[in-house]
Amino acid sequence: MNVQIYMYKKNFDVQKAQRFFKERNIPFQTVDMKKHRPGERELVLFAHKGGAKSLINQDLPKVKEHPISYTQDESIIFDYLQENPEFIKTPLIRDGRRTLIGYDEKTLLEWINA
């Protein structure tokens, strides 16, 4: 496995993901989105299942007030998320072409067993 965990801030879900991989001795790399902003190609890869709206962290009050919450145009969403990675739901977990938005232990266990 070649796991990358994209994060903006260390939140509870990011910590759970890191702990999941550490407990199973699976090496992973963290990517701080403050320093290395994700490009459109990476965002498209993460959004391939649920669409661009699935990348937006709807729990943030700033996001609820922002027009990004109400647009359906994916190119606008991708452009804005590249400029403002703090609006992205984290962690974004990637293992090659497999991607996961947020923490889902069931999906991660499926990845390990595959």
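Refer to the structure printed above.
These numbers were taken from a predicted model, which means no experiment stands behind them.

Structural notes on the sheet that holds strand β4 (residues 98-101)
And then number 1: If you trace the four strands from one edge of the open sheet to the other, you get β2-β1-β3-β4, paired in mixed fashion. Strand pairing shows two members of the sheet lacking a second neighbour, β2 (28-32) and β4, which therefore form its edges. Within the sheet, the average angular offset between the axes of one strand and its neighbour, ignoring direction, is 20°.
And then number 2: Where strand β1 (residues 3-7) meets strand β3 (residues 92-95), four bridges bridge the pair, whose relative direction is antiparallel. Each residue of the ladder has a partner; that of Tyr-6, found in β3, is Leu-92.
And then number 3: The strands touched by helix α2 (residues 40-47) within the sheet are β1, β3 and β4, with β3 carrying the most contacts at an inclination of about 90°.
And then number 4: Of the strands in this sheet, β3 and β4 touch helix α5 (residues 105-113), which is tilted by about 165° from β4.

Brief notes about the packing of aromatic side chains
And then number 1: What the rule picks out here adds up to five aromatic pairs.
And then number 2: Where Phe-20 meets Tyr-103, the ring centres are 6.5 Å apart and the plane angle is 70°; that geometry is what we call edge-to-face. Taken together, the residues Phe-20 in helix α1 (residues 12-23) and Tyr-103 in the loop between β4 and α5 connect sequence positions 83 residues apart.
And then number 3: Between Tyr-80 and Phe-87 the ring centres are 5.6 Å apart and the planes differ by 45°, which places this aromatic pair in the tilted class.
And then number 4: Classification of Tyr-80 by relative accessible area gives partly exposed; the value is 25%.
And then number 5: A connected cluster of aromatic rings, assembled from ring pairs, spans Phe-20, Phe-21, Phe-28 and Tyr-103.
And then number 6: Over the ring of Tyr-8 we find Lys-34, and its NZ or CZ is 5.5 Å from the ring centre.

Concerning the pattern of salt bridges
And then number 1: Inspection of the entire model under this criterion finds four salt bridges.
And then number 2: A salt bridge links Glu-105 to Arg-24; the nearest nitrogen and oxygen atoms lie 3.8 Å apart. Linking Glu-105 in helix α5 with Arg-24 in the loop between α1 and β2, this pair joins segments that are 81 residues apart in sequence.
And then number 3: We classify Glu-105 as partly exposed; its relative accessible area is 36%.
And then number 4: For Asp-95, the salt bridge identified is with Arg-98, shortest N-O distance 2.3 Å.
And then number 5: Take Arg-98: its relative accessible area is 29%, and that puts it in the partly exposed class.

What counts and how
Residues numbered from 1 in each chain as written. Predicted model: local features only at pLDDT ≥ 70, side-chain atom pairs only at ≥ 80, totals over all residues. Heavy atoms only, no water. Pairing = 2+ DSSP bridges. Helix = DSSP H or I, 4+ residues; strand = E, 2+ residues; numbered from the N terminus. Axes fitted to C-alpha atoms, helices over the stretch in contact; angles between N-to-C directions. Contact = heavy atoms within 4.5 Å. Phe/Tyr/Trp six-rings, centres within 6.5 Å; stacked < 30°, edge-to-face > 60°. Buried < 20%, exposed > 50% of the residue type's maximum accessible area, 1.4 Å probe, protein only. Lys NZ or Arg CZ within 6 Å of the ring centre and 35° of its normal. Salt bridge = Lys/Arg side-chain N within 4 Å of Asp/Glu carboxyl O.

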